[in-house]
Amino acid sequence: MYVQRAMLSGIIRSALTKNRGLWLPSQVMVRTMSSSSGPTSPYTTLSISRPTERVTHVELHRPEKRNAMNKAFWSEMVDCFNEIAADPECRVVVVSGAGKIFTAGIDLMDMASNLLQPEGDDTARVSWNLRKTITKYQETFSVIEKCSKPVVVAVHGACIGGGVDLITACDIRLCTQDAWFQIKEVDIGIAADVGTLHRLPKVIGSRSLVNELALTARKMYADEAKSSGLVSRVFADKETMMAGALEMAGEIAARSPVAVQGTKINLVYARDHSVAEGLDYIATWNMSMLQTQDVMKSAQAAMERKSPKTVAFSKL
Ligand SMILES: CCC/C=C/C=C/C(=O)SCCNC(=O)CCNC(=O)[C@H](O)C(C)(C)COP(=O)(O)OP(=O)(O)OC[C@H]1O[C@@H](n2cnc3c(N)ncnc32)[C@H](O)[C@@H]1OP(=O)(O)O
């Protein structure tokens, strides 16, 4: 088993080295103005900060490995988003990547030991364990969708493989003009299994385009990402994108958290249900949520032509 694992690691290591000439030169200058200095303890792959009141910034932070998603990352995201979901001080989340690109997707070195060599005494047990790992990895991005706080993701440079799984679980997608997106799983011999194939068709209107991207692994650049609806805004560079993301997050954070979180939960529900089911769900939702004091406060501010930013809403 050990020999097999070592061989696999060797093959992947040599593939990474051999292909380097085909990849972008590693000394390309990028602006990382908003980047933090390192991961936030206890995390080793994420840097967490509060750039403005009520906004949490989650930065993928393994820049020297192009934010490749290693074993730690897959569980740290779950812990991080569970904490954010329970944090009444946070109303909106911004996700971005440190360094040259957003993310290179799954860590191919870790994949060799973690996914390709599952433990178990026979086929049934190996399969059982592999299934457990896959569902655990699915949770890494499902937590983003399950978190009631809206998540704005800001992509610069490459967003590869697992990166597409991640961003399709977010609520609002922004990117820089130099961004590109690639559903690379078929290139490494797997069918994408942590969300892209399931969420992307609900993000992009054209099923044909989704199929083409997933089956050919071709890169999609910023302009096409915008015209297809994958992202809602394209910015000239990372600095202006981060400023734009924070401004947008500020707009959302200024509004009633009861209204905002209820909106996210009902948008996600409506995506996966019929109109009739969605209407039924929100009727039940709002029979309690309409009783919030936030409605009176917000309506009064609107009547007085005041911005929601002037209203003090209780924590949720
Ligand atoms: C149940 C599982 C579900 C999940 C499935 C997910 C699937 C996927 O994500 S498929 C996609 C896998 N990713 C790739 O194929 C990308 C491979 N990397 C690249 O193509 C290039 O590195 C990239 C274009 C992203 C960046 O090129 P650049 O020239 O800027 O950097 P490099 O010099 O190539 O890399 C810098 C160091 O980072 C290491 N690295 C990059 N990507 C990965 C990766 N995916 N896994 C592990 N390590 C990665 C690279 O080896 C360099 O390390 P070092 O040699 O130590 O400096």
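Residues numbered from 1 in each chain as written. Predicted model: local features only at pLDDT ≥ 70, side-chain atom pairs only at ≥ 80, totals over all residues.

When its secondary structure is counted, the chain shows twelve helices and nine strands. For the chain, buried positions account for 34% of its 316 residues. In the chain, 72% of the contacts between residues at least 6 apart in sequence involve partners at least 24 apart. (Helix = DSSP H or I, 4+ residues; strand = E, 2+ residues; numbered from the N terminus. Buried ≥ 20, exposed ≤ 12 C-beta atoms within 10 Å, placed from the backbone. Contact = placed C-beta atoms within 7 Å.)

On to the site of the ligand. Ala68, Ala104, Gly105, Ile106 and Gly161 are the nearest of the 28 residues found near the ligand. Listing elements by their share of the shell around the ligand, those giving two or more residues are α3 (108–114), α4 (123–146) and β5 (158–160). (Near = placed C-beta within 6 Å.)

Turning to the domain arrangement of the chain, a few remarks are in order. Often the size quoted for an interface is simply the accessible area lost on bringing the parts together. Splitting the chain by domain gives domain 1 (2–253) and domain 2 (257–310). Its residues placed into classes, the side of domain 1 that touches domain 2 shows two nonpolar, one polar and five charged. (Domains from an automatic or database assignment. Nonpolar A, V, L, I, M, F, W, Y, C, P; charged D, E, K, R; others polar.)

Within a sheet, neighbouring strands are paired by backbone hydrogen bonds and run either parallel or antiparallel to one another. One open sheet accounts for six strands, arranged β1-β2-β3-β4-β6-β9; its pairing is mixed. Each having just a single partner strand, β1 (46–52) and β9 (233–235) make up the two edges of the open sheet. Taking the axes of each pair of neighbouring strands and ignoring which way they run, one obtains an average angle of 25 degrees across the sheet. By the bridge criterion, four bridges tie strand β4 (residues 151–155) to strand β6 (residues 172–176) in an arrangement that is parallel. By the bridge assignment for β6, Val152 is matched with Ile172. Lying over the sheet, helix α2 (residues 71–86) contacts β1, β2 (55–60) and β3 (92–97), oriented at roughly 25 degrees with respect to β1. (Pairing = 2+ DSSP bridges. Axes fitted to C-alpha atoms, helices over the stretch in contact; angles between N-to-C directions.)

Turning next to unusual backbone geometry. The omega torsion across Ser41 and Pro42 is 10 degrees, close enough to zero to call that bond cis. Along the polypeptide, Pro42 turns up in the loop between α1 (2–18) and β1. For Arg305, which is not glycine, the phi dihedral falls at a positive 55 degrees. Relative to the assigned elements, Arg305 resides in the segment after α12 (293–303).

Among the nonpolar cores identified, the biggest contains 66 residues, and Val94, Val152, Ala154, Cys159, Ala245 and Ala249 are the most heavily contacted of them. Sorting elements by how many residues they give to this core places helix α9 (residues 238–253) first, with eight residues. Ignoring anything within four residues of it in the chain, the contact list for Ala249 reads Val55, Val92, Val94 and Val152. (Core = buried A, V, L, I, M, F, W, Y, C linked by C-beta atoms within 7 Å.)

To continue, consider the pairing of β2. Along any regular strand, the residues point their side chains to alternate faces of the sheet. Within β2, six of the six residues are buried, leaving the element largely enclosed by the surrounding structure. On β2, burial covers both faces: Val55, His57 and Glu59 on one face and Thr56, Val58 and Leu60 on the other are all buried. Examined bridge by bridge, β1 and β2 share five bridges and lie antiparallel to one another. Note on β2: the bridge partner recorded for Leu46 is Leu60. Note: β2 against β3, six bridges, orientation parallel.

A separate point is the pairing of β6. Burial within β6 is extensive, with four of its five residues counted as buried. With three bridges joining them, β6 and β9 adopt parallel strand pairing. The residue bridging Leu174 from the neighbouring strand is Arg233, located in β9.

Overall, mixed pairing links the three strands, which are arranged β5-β7-β8 in an open sheet. Of all strands in the sheet, those with a lone pairing partner are β5 and β8 (220–221), marking the two edges. Pairing geometry for strand β7 (residues 180–182) and β8, over two bridges, is antiparallel. When the sheet's bridge partners are listed, Trp180 is paired in β8 with Tyr221.

When you line up the elements, Gln300 lands in helix α12. The exposure class of Gln300 is exposed, given the 11 C-beta atoms found within 10 Å. C-alpha separation for the pair Gln300 and Val311, spaced eleven residues apart in sequence, amounts to 9.4 Å.

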